[in-house]
Amino acid sequence: MNSMRSIIIMAMRSRLFPFPPSFHSPPPHLLPLIQSSPLLRSRAQPPPLCLARSPFRSSSSCPAVAVLGAHDPLLMESRSPFGEIHVILGPMFAGKTTALLRRMQDEVDCGRSVAMVKSDRDTRYGLDSVVTHDGMKMPCFALSELSSFRDKLGTEAYDKLNVIGIDEAQFFEDLYDFCCNAADHDGKIVVVAGLDGDYLRKSFGSVLDIVPLADSVTKLTAWCEICGRRAFFTLRKTNETLTELIGGADVYMPVCREHYVDGQVAIEATRTILAVRSSTLAQSEVINGGESGAV
Ligand SMILES: Nc1ncnc2c1ncn2[C@@H]1O[C@H](COP(=O)(O)OP(=O)(O)O)[C@@H](O)[C@H]1O
Ligand SMILES: Cc1cn([C@H]2C[C@H](O)[C@@H](COP(=O)(O)O)O2)c(=O)[nH]c1=O
Ligand SMILES: [Zn+2]
């Protein structure tokens, strides 16, 4: 039996053999955690072979790796103590949240315990779920800072957690430290979705800061609302100049490079016209006020 066990462990380490379904049923002590908390529930019997995927489903065949349910006794012995960090970035409407939710569901289907977190600044669709622009949703913890997650979840539940999904990552100031600690020291798989750039195409929050920490970085694109070509940037349609402005298609649209540049020119021109108009108005009021006040 020992020689069989060592063959299986060696095979796991070399990841050459798919493993029989019996490896995937979660042990009894984990079921209450999976079934009773806002953590995403894993199916009692996940499919016989779980494939690790890159964070989004691509048409290209990613290397199929046989992955055991993370809480499997045999795997516990060979499971790496270190986690992973996967970053999904791009403009608005690129499918970042969709890819994140798909990855989380894949992890749940593989029998892993998953929790989703988003910034409590994202009030567009309520605070208890992560919601895509298409309306696909998943329960989540809405937090102002990631450092409060462990206390919010409870240390025991956190220790048993395998995967953490983070949406709207650009709004978390403590993103770097949280991801570093979760993957390096707590062995968590962290999947992060967020904007790489703001409406001025400047680095947004700490999303780009975690690129050097990442196992994988995926930049998704949308379709340009003007010409239909690939959109890499987000154009703000209004005149606000604050970096943080929560909104959807009412305020923003994805555009290609040409129509970002054209759009910015148009918006700058509008701003200039409005500024000239308001100063002219102010001057005429002063003049009119002066004349009416003249003795
Ligand atoms: N111009 C666009 N380009 C691509 N997708 C768009 C566009 N406008 C609306 N959508 C919709 O937005 C969905 C992506 O939503 P979501 O995953 O929430 O994106 P993100 O999180 O990147 O903002 C797409 O599946 C599509 O149905
Ligand atoms: C470009 C840009 C966006 N935002 C806000 C607008 C939305 O609430 C989120 C991004 O949402 P999504 O999930 O990527 O669709 O960020 C902002 O505050 N500032 C910006 O410059
Ligand atoms: Zn375009």
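Note that the structure is predicted; figures quoted are calculated from it, not measured.

Conventions adopted
- Residues numbered from 1 in each chain as written.
- Chains lettered and ligands numbered in written order.
- Predicted model: local features only at pLDDT ≥ 70, side-chain atom pairs only at ≥ 80, totals over all residues.
- Heavy atoms only, no water.
- Helix = DSSP H or I, 4+ residues; strand = E, 2+ residues; numbered from the N terminus.
- Buried < 20%, exposed > 50% of the residue type's maximum accessible area, 1.4 Å probe, protein only.
- Donors = N, O, S within 2.8 Å, 3.2 Å for Na, K, Ca; no water.
- Tetrahedral: all angles 85-135°; square planar, octahedral: opposite > 155°, others 65-115°.
- Contact = heavy atoms within 4.5 Å.

## Some thoughts on the environment of Lys 202
Reasoning step 1: When you line up the elements, Lys 202 lands in the loop between β9 (189-195) and β10 (216-219).
Reasoning step 2: The class for Lys 202 is exposed, based on a relative accessible area of 52%.
Reasoning step 3: As a C-alpha pair, Lys 202 and Thr 243 span 41 residues in sequence and 9.5 Å in three-dimensional space.

## Here we look at unusual backbone geometry
Reasoning step 1: Residue Phe 93 is not a glycine yet carries a positive backbone phi of 65°.
Reasoning step 2: Within the fold, Phe 93 resides in the loop between β3 (84-90) and α4 (96-109).
Reasoning step 3: Residue Phe 93 is classed as partly exposed on the basis of its relative accessible area of 27%.
Reasoning step 4: Even without glycine at this site, Glu 168 takes up a positive phi of about 55°.

## A word on the coordination of the zinc ion (ligand 3)
Reasoning step 1: Looking at the zinc ion (ligand 3), the protein donor atoms are Cys 224 (SG), Cys 227 (SG), Cys 256 (SG) and His 259 (ND1), and they sit 2.0 to 2.3 Å from it.
Reasoning step 2: Taken together, the four donor atoms surrounding the zinc ion (ligand 3) define angles of 98 to 114° at the centre, an arrangement classified as tetrahedral.
Reasoning step 3: Mapping the donors of the zinc ion (ligand 3) onto the primary sequence gives the spacing C-x2-C-x28-C-x2-H. Taken together, the positions of Cys 224 in the loop between β11 (222-223) and β12 (230-231) and His 259 in helix α8 (residues 257-293) put the pair 35 residues apart, joining distant regions of the chain. As far as burial versus exposure is concerned, Cys 224 and His 259 are alike and both buried.

## Points about the side chain of Gln 264
Reasoning step 1: When you line up the elements, Gln 264 lands in helix α8.
Reasoning step 2: A residue is classified by how much of its surface remains accessible, and Gln 264, at 14% relative accessible area, is buried.
Reasoning step 3: Dropping the residues within four chain positions of it, Gln 264 is found in contact with Tyr 199, Leu 200 and Leu 235.

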